[in-house]
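Structural features, examined
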Amino acid sequence: MNDLMSKIVSLCKRRGFIFQSSEIYGGLNSCYDYGPLGTILKNSVKSHWMNAMTREHTNILPLDSSILMHPKIWEASGHVSNFSDPLVDCKTCKARFRADKLESSACGQKPSKKPTECGGELTEPRQFNLMFKTFMGPLEDSSAVIFLRPETAQGIYVNFLNVMTSCRQQIPFGIAQIGKAFRNEITPGNFVFRMREFEQMEMQYFVHESHSFEEFERWKQARIDWHIGMGLRKERLRFHQHGPKELAHYAKAAFDIEYEFPFGWQEIEGVHHRSDFDLKQHEKFAGKKLSVRDPVSNEAFVPNVIETSVGCDRATLTLLIDAYHEEKIVEEGKEETRVVLKFSPKIAPFTASVFPLMKKDPMSSKAEAIFKELNRIWPCDFDASGSIGKRYRRVDEIGTPFAVTVDYESDSVTVRHRDSMKQERVSDSGLIAYLKNELKNAGAEE
Ligand code: ATP
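So, here is what we can say about the structure in this document.

Scoring rules and cut-offs
- Residues numbered from 1 in each chain as written.
- Predicted model: local features only at pLDDT ≥ 70, side-chain atom pairs only at ≥ 80, totals over all residues.
- Heavy atoms only, no water.
- Phe/Tyr/Trp six-rings, centres within 6.5 Å; stacked < 30°, edge-to-face > 60°.
- Helix = DSSP H or I, 4+ residues; strand = E, 2+ residues; numbered from the N terminus.
- Buried < 20%, exposed > 50% of the residue type's maximum accessible area, 1.4 Å probe, protein only.
- Lys NZ or Arg CZ within 6 Å of the ring centre and 35° of its normal.
- Disulfide = S-S within 2.5 Å.
- Axes fitted to C-alpha atoms, helices over the stretch in contact; angles between N-to-C directions.
- Parallel < 35°, antiparallel > 145°, perpendicular 65-115°, else oblique.
- Left-handed = near helix turned anticlockwise from the far one by under 90°.
- Contact = heavy atoms within 4.5 Å.
- Pairing = 2+ DSSP bridges.
- Salt bridge = Lys/Arg side-chain N within 4 Å of Asp/Glu carboxyl O.
- Core = buried A, V, L, I, M, F, W, Y, C linked by side-chain atoms within 4.5 Å.
- Near = heavy atom within 4 Å.
- Polar contact = N/O pair within 3.5 Å; in protein donor to acceptor, adjacent residues only side chain to side chain.
- Areas by Shrake-Rupley, 256 points an atom, 1.4 Å probe, with all protein chains shown as cover.
- Nonpolar A, V, L, I, M, F, W, Y, C, P; charged D, E, K, R; others polar.

**Brief notes about the packing of aromatic side chains**
Evaluated as defined, the whole model comprises 15 aromatic pairs. Ring centres 5.9 Å apart and planes at 80 degrees place the aromatic pair F239 and F255 in the edge-to-face group. In this pair, F239 is assigned in strand β11 (residues 237-241) and F255 in strand β12 (residues 253-261), connecting sequence segments 16 residues apart. Owing to a relative accessible area of 12%, F255 belongs among the buried residues under this scheme. The ring of Y205 has R218 lying over it, and the distance from NZ or CZ to the ring centre is 5.6 Å. One cation-aromatic arrangement involves K220 over F255; the distance from NZ or CZ to the ring centre is 3.8 Å.

**Let's talk about the state of the cysteines**
Defined simply, a disulfide is a covalent bond joining two cysteines at their sulfur atoms. If you walk through the whole model with that rule in mind, you get zero disulfides. You can see C93 has no disulfide; the closest cysteine sulfur is in C90, sitting 3.8 Å from it. Free cysteine: C107, not disulfide-bonded; nearest cysteine sulfur from C118 at 3.7 Å. Of the residues examined, C107 reaches a relative accessible area of 5% and is grouped as buried.

**Quick look at the packing of helix α2 (residues 36-55) against helix α7 (residues 212-229)**
Helix packing geometry: the angle between the two helix axes and the distance between the axes. Direction vectors running N to C along α2 and α7 enclose 150 degrees, while the axes themselves pass 12 Å from each other. Taken together, the axes of α2 and α7 are roughly antiparallel relative to one another. The handedness of the crossing between α2 and α7 is right-handed. Facing V45, H48, W49, A52 and M53 of α2, the residues of α7 in contact are W219, R223 and W226.

**Quick word on the sheet that holds β12**
Strand pairing in a sheet relies on backbone hydrogen bonds. The paired strands run either parallel or antiparallel. Strands sit in the order β3-β9-β10-β16-β13-β12-β11 across an open sheet of seven strands; the sheet is mixed. What marks the edges here is a single partner per strand, and that holds for β3 (60-63) and β11. Adjacent strand axes in the sheet meet at a mean angle of 25 degrees when their direction is disregarded. Of the pairings in the sheet, the one linking strand β9 (residues 173-182) to strand β10 (residues 197-207) comprises ten bridges and is antiparallel in character. Looking at β10, one finds that Q177 is bridged to E202. Set on the sheet, α2 makes contact with β3, β9, β10 and β16 (304-311); between it and β9 the angle comes to about 160 degrees.

**Topic: the pattern of salt bridges**
A full pass over the atoms with the stated rule returns 36 salt bridges. Between E217 and K220 there is a salt bridge whose closest N-O contact spans 3.4 Å. Within this pair, E217 and its partner K220 are both found in helix α7, separated by three residues, close to a single helical turn. Note on E217: relative accessible area 42%, which makes it partly exposed. Take K220: its relative accessible area is 11%, and that puts it in the buried class.

**Considerations on the nonpolar core**
Within the largest apolar cluster, 58 residues are counted, with the highest numbers of intra-cluster contacts made by F17, W49, L320 and F343. Not counting the four nearest positions on each side in its chain, F343 is found in contact with F17, L41, L319, L320, A323, A348, P349, I398, G399 and R418. Among the nonpolar cores identified, the runner-up in size contains 18 residues, and L374, V406, V426 and L431 belong to it.

**Focus: the site of the ligand**
Around the ligand there are 16 residues in total, and E185, R194, M195, E267 and I268 lie nearest to it. Contact distances for the ligand include 3.5 Å between an oxygen atom and a backbone N or O atom of E269. For the ligand, the protein covers 87% of the area, taking 600 Å² as the surface of the free molecule. Of all the elements in the fold, those that place two or more residues in the shell around the ligand are β10, β13 (264-273) and β16. The greatest single-element share of the shell around the ligand, amounting to four residues, is contributed by β13. Residue classes in the shell around the ligand are distributed as four nonpolar, four polar and eight charged.

Here's what the structure looks like:
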(Lines give C-alpha, C1' and ligand atoms only; values in the text may rest on other atoms or scores of the structure.)
Protein backbone atom coordinates (compact mmCIF):
# COMPACT_ATOMS: atom_id res chain seq x y z
CA MET A 1 0.00 0.00 0.00
CA ASN A 2 1.10 3.52 -0.79
CA ASP A 3 2.98 5.28 2.06
CA LEU A 4 0.33 7.95 2.69
CA MET A 5 -2.46 5.36 2.67
CA SER A 6 -0.52 3.23 5.22
CA LYS A 7 -0.19 6.27 7.48
CA ILE A 8 -3.91 7.01 7.21
CA VAL A 9 -4.88 3.38 7.89
CA SER A 10 -2.64 3.36 10.94
CA LEU A 11 -3.98 6.70 12.25
CA CYS A 12 -7.55 5.42 11.73
CA LYS A 13 -6.82 2.41 13.90
CA ARG A 14 -4.78 4.28 16.53
CA ARG A 15 -7.41 6.98 17.05
CA GLY A 16 -10.57 4.88 16.68
CA PHE A 17 -11.79 5.90 13.23
CA ILE A 18 -11.77 2.59 11.33
CA PHE A 19 -10.80 -0.98 12.30
CA GLN A 20 -10.39 -4.12 10.22
CA SER A 21 -13.55 -6.22 10.60
CA SER A 22 -13.20 -9.35 12.80
CA GLU A 23 -9.62 -8.32 13.59
CA ILE A 24 -9.09 -10.71 16.52
CA TYR A 25 -9.89 -13.60 14.13
CA GLY A 26 -7.31 -12.44 11.63
CA GLY A 27 -9.66 -10.02 9.87
CA LEU A 28 -12.23 -10.41 7.11
CA ASN A 29 -10.91 -9.15 3.82
CA SER A 30 -12.72 -6.10 2.40
CA CYS A 31 -14.94 -5.45 5.43
CA TYR A 32 -14.30 -2.67 7.95
CA ASP A 33 -15.79 -1.50 11.24
CA TYR A 34 -16.13 2.19 12.05
CA GLY A 35 -14.87 2.99 15.54
CA PRO A 36 -16.29 5.79 17.72
CA LEU A 37 -14.57 8.65 15.86
CA GLY A 38 -15.26 7.11 12.45
CA THR A 39 -18.91 6.62 13.34
CA ILE A 40 -19.26 10.28 14.31
CA LEU A 41 -17.46 11.38 11.13
CA LYS A 42 -19.50 9.10 8.85
CA ASN A 43 -22.77 10.10 10.52
CA SER A 44 -21.84 13.71 9.96
CA VAL A 45 -21.20 13.01 6.24
CA LYS A 46 -24.59 11.31 6.05
CA SER A 47 -26.47 14.09 7.78
CA HIS A 48 -24.79 16.77 5.63
CA TRP A 49 -25.79 14.83 2.52
CA MET A 50 -29.37 14.23 3.67
CA ASN A 51 -29.76 17.87 4.68
CA ALA A 52 -28.35 19.06 1.35
CA MET A 53 -30.99 16.93 -0.32
CA THR A 54 -34.12 17.14 1.80
CA ARG A 55 -33.77 20.39 3.75
CA GLU A 56 -32.46 22.45 0.89
CA HIS A 57 -35.14 21.12 -1.48
CA THR A 58 -38.77 20.91 -0.43
CA ASN A 59 -39.43 18.46 -3.28
CA ILE A 60 -36.87 15.84 -2.22
CA LEU A 61 -38.06 13.29 0.32
CA PRO A 62 -36.19 10.67 2.34
CA LEU A 63 -36.74 6.90 2.14
CA ASP A 64 -35.41 3.86 3.98
CA SER A 65 -36.22 0.75 1.94
CA SER A 66 -35.34 -2.84 2.87
CA ILE A 67 -32.09 -4.53 1.86
CA LEU A 68 -33.86 -7.73 0.83
CA MET A 69 -36.28 -7.18 -2.02
CA HIS A 70 -38.37 -9.24 -4.45
CA PRO A 71 -35.91 -11.17 -6.67
CA LYS A 72 -37.73 -10.06 -9.83
CA ILE A 73 -36.53 -6.51 -9.12
CA TRP A 74 -33.00 -7.58 -9.99
CA GLU A 75 -34.20 -9.19 -13.22
CA ALA A 76 -36.01 -5.98 -14.18
CA SER A 77 -33.01 -3.80 -13.33
CA GLY A 78 -30.67 -5.95 -15.41
CA HIS A 79 -28.51 -6.94 -12.43
CA VAL A 80 -29.16 -10.69 -12.81
CA SER A 81 -27.98 -10.74 -16.41
CA ASN A 82 -25.52 -7.84 -16.52
CA PHE A 83 -24.15 -6.90 -13.13
CA SER A 84 -20.86 -8.61 -13.66
CA ASP A 85 -17.22 -7.72 -14.00
CA PRO A 86 -14.75 -9.43 -16.34
CA LEU A 87 -12.50 -11.66 -14.22
CA VAL A 88 -9.01 -12.77 -15.27
CA ASP A 89 -6.51 -14.97 -13.41
CA CYS A 90 -2.74 -14.79 -13.64
CA LYS A 91 -1.53 -18.24 -14.68
CA THR A 92 1.75 -17.70 -12.78
CA CYS A 93 0.82 -16.19 -9.40
CA LYS A 94 -2.91 -17.16 -9.46
CA ALA A 95 -3.94 -13.63 -8.44
CA ARG A 96 -7.35 -12.44 -9.73
CA PHE A 97 -7.96 -9.13 -11.43
CA ARG A 98 -10.74 -7.14 -13.04
CA ALA A 99 -9.83 -7.13 -16.72
CA ASP A 100 -11.05 -3.52 -17.00
CA LYS A 101 -8.94 -2.32 -14.03
CA LEU A 102 -5.53 -3.83 -14.85
CA GLU A 103 -3.96 -0.35 -14.98
CA SER A 104 -4.76 0.25 -11.30
CA SER A 105 -3.99 -3.34 -10.10
CA ALA A 106 -0.75 -4.70 -8.70
CA CYS A 107 0.91 -8.01 -9.57
CA GLY A 108 0.26 -10.68 -6.90
CA GLN A 109 3.95 -11.41 -6.46
CA LYS A 110 5.60 -8.10 -7.32
CA PRO A 111 3.31 -5.35 -6.02
CA SER A 112 5.44 -2.63 -7.64
CA LYS A 113 4.48 -4.03 -11.07
CA LYS A 114 1.17 -4.16 -12.89
CA PRO A 115 -0.32 -7.55 -13.88
CA THR A 116 1.61 -9.19 -16.79
CA GLU A 117 4.56 -6.80 -16.37
CA CYS A 118 6.20 -9.65 -14.42
CA GLY A 119 5.94 -11.89 -17.49
CA GLY A 120 2.84 -13.74 -16.17
CA GLU A 121 0.07 -14.65 -18.62
CA LEU A 122 -3.62 -13.93 -17.98
CA THR A 123 -6.56 -16.25 -18.68
CA GLU A 124 -9.38 -15.16 -21.02
CA PRO A 125 -11.92 -12.90 -19.19
CA ARG A 126 -14.95 -14.64 -17.61
CA GLN A 127 -18.02 -12.71 -16.46
CA PHE A 128 -18.51 -12.85 -12.69
CA ASN A 129 -21.81 -11.66 -11.18
CA LEU A 130 -21.20 -9.37 -8.21
CA MET A 131 -24.47 -9.93 -6.35
CA PHE A 132 -24.40 -11.82 -3.06
CA LYS A 133 -27.02 -14.58 -2.99
CA THR A 134 -28.73 -16.04 0.02
CA PHE A 135 -31.95 -17.96 0.75
CA MET A 136 -35.17 -16.70 2.28
CA GLY A 137 -36.95 -19.13 4.60
CA PRO A 138 -35.95 -22.66 5.59
CA LEU A 139 -35.53 -24.18 2.10
CA GLU A 140 -32.25 -23.71 0.31
CA ASP A 141 -33.52 -24.26 -3.24
CA SER A 142 -33.69 -22.06 -6.32
CA SER A 143 -37.20 -20.79 -5.47
CA ALA A 144 -35.86 -19.32 -2.21
CA VAL A 145 -32.90 -17.42 -3.73
CA ILE A 146 -32.76 -13.79 -2.72
CA PHE A 147 -30.06 -11.14 -3.19
CA LEU A 148 -28.43 -8.64 -0.89
CA ARG A 149 -29.02 -5.38 -2.76
CA PRO A 150 -25.98 -4.19 -4.76
CA GLU A 151 -27.34 -0.60 -4.82
CA THR A 152 -30.06 1.31 -3.00
CA ALA A 153 -31.61 2.88 -6.12
CA GLN A 154 -34.02 0.04 -6.94
CA GLY A 155 -35.73 0.48 -3.56
CA ILE A 156 -36.43 4.06 -4.66
CA TYR A 157 -37.85 3.14 -8.09
CA VAL A 158 -40.25 0.53 -6.72
CA ASN A 159 -41.53 3.07 -4.15
CA PHE A 160 -41.80 5.93 -6.62
CA LEU A 161 -45.62 5.95 -6.76
CA ASN A 162 -46.01 5.26 -3.02
CA VAL A 163 -43.96 8.35 -2.20
CA MET A 164 -45.54 10.51 -4.87
CA THR A 165 -49.12 9.80 -3.90
CA SER A 166 -48.71 9.57 -0.11
CA CYS A 167 -46.74 12.83 0.02
CA ARG A 168 -48.73 14.72 -2.64
CA GLN A 169 -45.74 15.34 -4.94
CA GLN A 170 -45.74 16.33 -8.57
CA ILE A 171 -43.05 15.87 -11.18
CA PRO A 172 -40.29 17.01 -10.75
CA PHE A 173 -39.51 15.56 -7.34
CA GLY A 174 -36.76 13.43 -5.85
CA ILE A 175 -36.26 10.62 -3.36
CA ALA A 176 -33.07 10.39 -1.28
CA GLN A 177 -31.87 7.28 0.48
CA ILE A 178 -28.82 6.22 2.50
CA GLY A 179 -28.18 2.55 3.04
CA LYS A 180 -25.98 -0.51 2.86
CA ALA A 181 -25.12 -2.16 -0.44
CA PHE A 182 -23.22 -5.39 -1.06
CA ARG A 183 -21.00 -6.37 -3.98
CA ASN A 184 -18.84 -9.44 -4.25
CA GLU A 185 -16.00 -7.38 -5.72
CA ILE A 186 -13.24 -9.31 -7.50
CA THR A 187 -10.48 -7.04 -6.28
CA PRO A 188 -11.53 -5.15 -3.16
CA GLY A 189 -8.85 -2.94 -1.70
CA ASN A 190 -7.38 0.43 -0.92
CA PHE A 191 -8.89 0.38 2.56
CA VAL A 192 -12.56 1.50 2.53
CA PHE A 193 -12.36 2.56 -1.13
CA ARG A 194 -13.57 -0.77 -2.49
CA MET A 195 -15.34 -3.02 -0.02
CA ARG A 196 -17.82 -5.86 -0.28
CA GLU A 197 -20.19 -4.25 2.21
CA PHE A 198 -20.49 -0.49 1.96
CA GLU A 199 -22.92 2.37 2.20
CA GLN A 200 -24.41 4.50 -0.56
CA MET A 201 -26.17 7.85 -0.56
CA GLU A 202 -28.40 7.96 -3.61
CA MET A 203 -30.93 10.46 -4.89
CA GLN A 204 -33.21 9.79 -7.83
CA TYR A 205 -34.84 12.86 -9.34
CA PHE A 206 -37.99 12.17 -11.40
CA VAL A 207 -38.45 14.65 -14.21
CA HIS A 208 -40.24 15.15 -17.53
CA GLU A 209 -37.95 14.32 -20.44
CA SER A 210 -38.18 17.89 -21.77
CA HIS A 211 -36.39 19.24 -18.64
CA SER A 212 -34.11 16.29 -18.09
CA PHE A 213 -30.84 17.67 -19.49
CA GLU A 214 -31.28 20.95 -17.67
CA GLU A 215 -31.73 19.03 -14.40
CA PHE A 216 -28.80 16.78 -15.23
CA GLU A 217 -26.49 19.81 -15.59
CA ARG A 218 -27.87 21.34 -12.41
CA TRP A 219 -27.23 18.18 -10.37
CA LYS A 220 -23.73 17.68 -11.82
CA GLN A 221 -22.75 21.11 -10.56
CA ALA A 222 -24.60 20.80 -7.25
CA ARG A 223 -22.86 17.54 -6.44
CA ILE A 224 -19.29 18.68 -7.12
CA ASP A 225 -20.04 21.85 -5.12
CA TRP A 226 -21.21 19.67 -2.21
CA HIS A 227 -17.82 17.90 -2.05
CA ILE A 228 -16.02 21.25 -2.12
CA GLY A 229 -18.34 22.52 0.61
CA MET A 230 -17.38 19.53 2.77
CA GLY A 231 -13.82 20.83 2.64
CA LEU A 232 -12.21 18.93 -0.25
CA ARG A 233 -9.60 20.76 -2.28
CA LYS A 234 -11.05 21.86 -5.63
CA GLU A 235 -7.95 20.86 -7.54
CA ARG A 236 -8.34 17.27 -6.35
CA LEU A 237 -11.79 16.96 -7.93
CA ARG A 238 -12.71 16.57 -11.57
CA PHE A 239 -15.44 15.20 -13.84
CA HIS A 240 -14.97 12.19 -16.03
CA GLN A 241 -17.50 11.84 -18.82
CA HIS A 242 -18.57 8.32 -19.78
CA GLY A 243 -17.66 7.70 -23.42
CA PRO A 244 -19.80 5.55 -25.74
CA LYS A 245 -18.14 2.32 -24.51
CA GLU A 246 -18.72 3.06 -20.81
CA LEU A 247 -22.23 4.47 -21.14
CA ALA A 248 -25.03 2.02 -20.30
CA HIS A 249 -27.25 1.35 -23.33
CA TYR A 250 -30.24 3.11 -21.72
CA ALA A 251 -28.31 6.12 -20.30
CA LYS A 252 -28.43 9.46 -22.10
CA ALA A 253 -25.38 10.88 -20.31
CA ALA A 254 -23.17 10.02 -17.35
CA PHE A 255 -20.37 11.74 -15.48
CA ASP A 256 -18.25 10.48 -12.62
CA ILE A 257 -16.94 12.88 -10.02
CA GLU A 258 -13.37 11.76 -9.44
CA TYR A 259 -10.99 12.52 -6.59
CA GLU A 260 -7.21 12.36 -6.76
CA PHE A 261 -6.47 9.59 -4.25
CA PRO A 262 -2.87 8.70 -3.34
CA PHE A 263 -3.44 5.71 -5.67
CA GLY A 264 -4.66 7.86 -8.59
CA TRP A 265 -7.82 9.54 -9.88
CA GLN A 266 -10.84 7.41 -8.97
CA GLU A 267 -14.62 7.73 -8.93
CA ILE A 268 -16.35 8.88 -5.77
CA GLU A 269 -19.77 9.69 -7.22
CA GLY A 270 -21.78 9.07 -10.36
CA VAL A 271 -24.29 11.52 -11.84
CA HIS A 272 -26.39 9.70 -14.41
CA HIS A 273 -29.17 10.54 -16.82
CA ARG A 274 -30.97 7.17 -16.78
CA SER A 275 -33.81 8.05 -19.23
CA ASP A 276 -37.14 6.34 -18.41
CA PHE A 277 -35.46 2.92 -18.41
CA ASP A 278 -35.86 2.01 -14.73
CA LEU A 279 -39.53 2.84 -14.33
CA LYS A 280 -40.41 1.25 -17.70
CA GLN A 281 -38.58 -1.94 -16.75
CA HIS A 282 -40.52 -2.14 -13.48
CA GLU A 283 -43.78 -1.48 -15.33
CA LYS A 284 -42.95 -4.41 -17.58
CA PHE A 285 -41.80 -6.88 -14.92
CA ALA A 286 -44.34 -5.97 -12.23
CA GLY A 287 -47.23 -5.45 -14.65
CA LYS A 288 -48.13 -2.15 -12.92
CA LYS A 289 -48.47 1.30 -14.48
CA LEU A 290 -45.85 3.79 -13.28
CA SER A 291 -46.85 6.67 -15.52
CA VAL A 292 -48.01 10.04 -14.20
CA ARG A 293 -50.27 12.71 -15.65
CA ASP A 294 -49.20 16.29 -16.27
CA PRO A 295 -51.76 18.41 -14.35
CA VAL A 296 -51.80 21.11 -17.05
CA SER A 297 -51.52 19.28 -20.37
CA ASN A 298 -53.07 16.04 -19.06
CA GLU A 299 -50.33 14.13 -20.89
CA ALA A 300 -49.54 10.70 -19.38
CA PHE A 301 -45.81 9.94 -19.29
CA VAL A 302 -43.19 7.82 -17.54
CA PRO A 303 -40.67 10.20 -15.92
CA ASN A 304 -36.98 10.26 -16.74
CA VAL A 305 -34.57 9.80 -13.85
CA ILE A 306 -31.49 11.83 -12.95
CA GLU A 307 -29.46 9.88 -10.42
CA THR A 308 -26.75 11.07 -8.06
CA SER A 309 -24.97 8.18 -6.35
CA VAL A 310 -22.10 8.60 -3.91
CA GLY A 311 -20.38 6.08 -1.67
CA CYS A 312 -20.50 7.18 1.93
CA ASP A 313 -17.28 5.31 2.72
CA ARG A 314 -15.46 6.79 -0.26
CA ALA A 315 -16.67 10.28 0.69
CA THR A 316 -15.44 9.73 4.27
CA LEU A 317 -12.09 8.44 2.97
CA THR A 318 -11.61 11.52 0.77
CA LEU A 319 -12.19 13.73 3.82
CA LEU A 320 -9.56 11.82 5.82
CA ILE A 321 -7.03 11.96 2.97
CA ASP A 322 -7.65 15.61 2.19
CA ALA A 323 -7.38 16.58 5.86
CA TYR A 324 -4.14 14.65 6.53
CA HIS A 325 -1.10 16.89 7.05
CA GLU A 326 2.35 16.35 8.49
CA GLU A 327 4.15 19.47 9.70
CA LYS A 328 7.57 20.07 11.16
CA ILE A 329 7.35 22.01 14.40
CA VAL A 330 9.84 22.94 17.11
CA GLU A 331 8.77 22.08 20.66
CA GLU A 332 10.96 22.81 23.66
CA GLY A 333 13.92 23.23 21.33
CA LYS A 334 13.34 19.89 19.56
CA GLU A 335 12.12 19.45 16.00
CA GLU A 336 9.10 17.19 15.81
CA THR A 337 6.59 16.09 13.19
CA ARG A 338 3.04 16.99 14.01
CA VAL A 339 0.27 14.96 12.36
CA VAL A 340 -2.91 16.95 12.01
CA LEU A 341 -6.26 16.30 10.36
CA LYS A 342 -7.36 19.69 9.10
CA PHE A 343 -11.05 18.87 8.80
CA SER A 344 -13.47 21.67 8.08
CA PRO A 345 -14.96 22.47 11.52
CA LYS A 346 -18.37 21.49 10.16
CA ILE A 347 -17.38 17.83 9.84
CA ALA A 348 -14.70 17.45 12.54
CA PRO A 349 -15.92 14.72 14.94
CA PHE A 350 -15.45 17.14 17.87
CA THR A 351 -15.56 20.92 17.66
CA ALA A 352 -13.62 21.50 20.87
CA SER A 353 -11.80 19.51 23.51
CA VAL A 354 -11.76 20.81 27.07
CA PHE A 355 -8.61 20.24 29.14
CA PRO A 356 -8.44 20.82 32.89
CA LEU A 357 -4.84 21.88 33.52
CA MET A 358 -4.37 19.23 36.18
CA LYS A 359 -6.35 16.08 36.72
CA LYS A 360 -7.23 16.46 40.35
CA ASP A 361 -7.39 20.16 40.78
CA PRO A 362 -10.39 22.18 41.87
CA MET A 363 -10.40 23.64 38.38
CA SER A 364 -11.58 20.32 36.90
CA SER A 365 -15.11 20.94 38.19
CA LYS A 366 -14.99 24.30 36.43
CA ALA A 367 -13.60 22.54 33.34
CA GLU A 368 -16.43 20.01 33.52
CA ALA A 369 -19.01 22.77 33.71
CA ILE A 370 -17.47 24.45 30.65
CA PHE A 371 -17.39 21.12 28.84
CA LYS A 372 -21.08 20.47 29.59
CA GLU A 373 -22.06 23.91 28.39
CA LEU A 374 -20.10 23.63 25.13
CA ASN A 375 -21.20 20.04 24.55
CA ARG A 376 -24.83 21.13 24.58
CA ILE A 377 -24.10 23.28 21.53
CA TRP A 378 -21.41 21.32 19.64
CA PRO A 379 -20.02 17.78 19.91
CA CYS A 380 -17.12 18.17 22.36
CA ASP A 381 -14.59 16.04 24.14
CA PHE A 382 -13.09 16.18 27.64
CA ASP A 383 -9.48 15.12 28.12
CA ALA A 384 -7.84 15.16 31.52
CA SER A 385 -4.94 12.76 31.01
CA GLY A 386 -1.32 13.34 30.03
CA SER A 387 0.64 16.52 29.57
CA ILE A 388 -0.98 19.40 27.71
CA GLY A 389 1.50 18.76 24.85
CA LYS A 390 0.31 15.13 24.56
CA ARG A 391 -3.31 16.27 24.64
CA TYR A 392 -2.59 18.72 21.82
CA ARG A 393 -1.08 15.85 19.76
CA ARG A 394 -4.26 13.83 20.30
CA VAL A 395 -6.68 16.60 19.30
CA ASP A 396 -4.51 17.39 16.25
CA GLU A 397 -4.63 13.77 15.13
CA ILE A 398 -8.41 13.57 15.40
CA GLY A 399 -8.85 16.98 13.82
CA THR A 400 -10.51 18.90 16.68
CA PRO A 401 -10.40 22.60 15.71
CA PHE A 402 -10.20 24.07 19.24
CA ALA A 403 -8.60 23.01 22.53
CA VAL A 404 -9.81 24.90 25.59
CA THR A 405 -7.43 24.71 28.54
CA VAL A 406 -8.95 25.64 31.89
CA ASP A 407 -6.24 26.90 34.23
CA TYR A 408 -5.82 28.73 37.54
CA GLU A 409 -6.13 32.18 36.11
CA SER A 410 -9.56 32.89 37.49
CA ASP A 411 -12.07 34.02 34.90
CA SER A 412 -10.45 33.06 31.63
CA VAL A 413 -9.39 30.05 29.57
CA THR A 414 -6.79 29.47 26.83
CA VAL A 415 -8.13 28.60 23.38
CA ARG A 416 -5.61 26.91 21.13
CA HIS A 417 -6.30 26.77 17.38
CA ARG A 418 -5.56 23.47 15.65
CA ASP A 419 -4.22 24.81 12.33
CA SER A 420 -2.26 27.90 13.35
CA MET A 421 -1.46 26.60 16.87
CA LYS A 422 -2.15 30.18 17.97
CA GLN A 423 -3.21 30.49 21.63
CA GLU A 424 -5.57 33.15 22.94
CA ARG A 425 -6.88 34.07 26.36
CA VAL A 426 -10.66 34.30 26.35
CA SER A 427 -12.90 35.21 29.27
CA ASP A 428 -15.13 32.39 30.57
CA SER A 429 -18.24 34.39 29.86
CA GLY A 430 -17.15 35.24 26.31
CA LEU A 431 -16.08 31.71 25.31
CA ILE A 432 -19.25 30.62 23.50
CA ALA A 433 -19.53 33.86 21.54
CA TYR A 434 -15.82 33.61 20.69
CA LEU A 435 -16.15 30.06 19.34
CA LYS A 436 -19.35 30.92 17.46
CA ASN A 437 -17.55 33.77 15.75
CA GLU A 438 -14.53 31.60 14.88
CA LEU A 439 -16.84 28.92 13.43
CA LYS A 440 -18.75 31.53 11.47
CA ASN A 441 -15.50 32.83 9.97
CA ALA A 442 -14.63 29.24 8.99
CA GLY A 443 -18.01 28.84 7.25
CA ALA A 444 -19.22 26.25 9.76
CA GLU A 445 -21.88 28.31 11.52
CA GLU A 446 -24.72 30.45 10.21
P1 ATP B 1 -16.41 1.32 -9.58
O2 ATP B 1 -16.24 1.60 -11.07
O3 ATP B 1 -15.38 2.00 -8.71
O4 ATP B 1 -16.61 -0.13 -9.27
P5 ATP B 1 -19.18 1.83 -9.89
O6 ATP B 1 -19.22 2.66 -11.14
O7 ATP B 1 -19.53 0.40 -9.98
O8 ATP B 1 -17.78 2.03 -9.15
P9 ATP B 1 -21.66 2.83 -8.91
O10 ATP B 1 -22.39 1.59 -9.20
O11 ATP B 1 -21.89 4.02 -9.80
O12 ATP B 1 -20.10 2.52 -8.81
O13 ATP B 1 -21.91 3.21 -7.38
C14 ATP B 1 -22.01 4.55 -6.93
C15 ATP B 1 -20.99 4.87 -5.87
O16 ATP B 1 -20.98 3.85 -4.85
C17 ATP B 1 -19.56 4.90 -6.38
O18 ATP B 1 -19.25 6.16 -6.94
C19 ATP B 1 -18.78 4.67 -5.11
O20 ATP B 1 -18.61 5.87 -4.38
C21 ATP B 1 -19.67 3.73 -4.31
N22 ATP B 1 -19.18 2.34 -4.44
C23 ATP B 1 -19.42 1.48 -5.46
N24 ATP B 1 -18.83 0.30 -5.22
C25 ATP B 1 -18.20 0.42 -4.02
C26 ATP B 1 -17.43 -0.48 -3.22
N27 ATP B 1 -17.19 -1.72 -3.59
N28 ATP B 1 -16.94 -0.04 -2.02
C29 ATP B 1 -17.19 1.24 -1.61
N30 ATP B 1 -17.92 2.11 -2.33
C31 ATP B 1 -18.43 1.72 -3.51
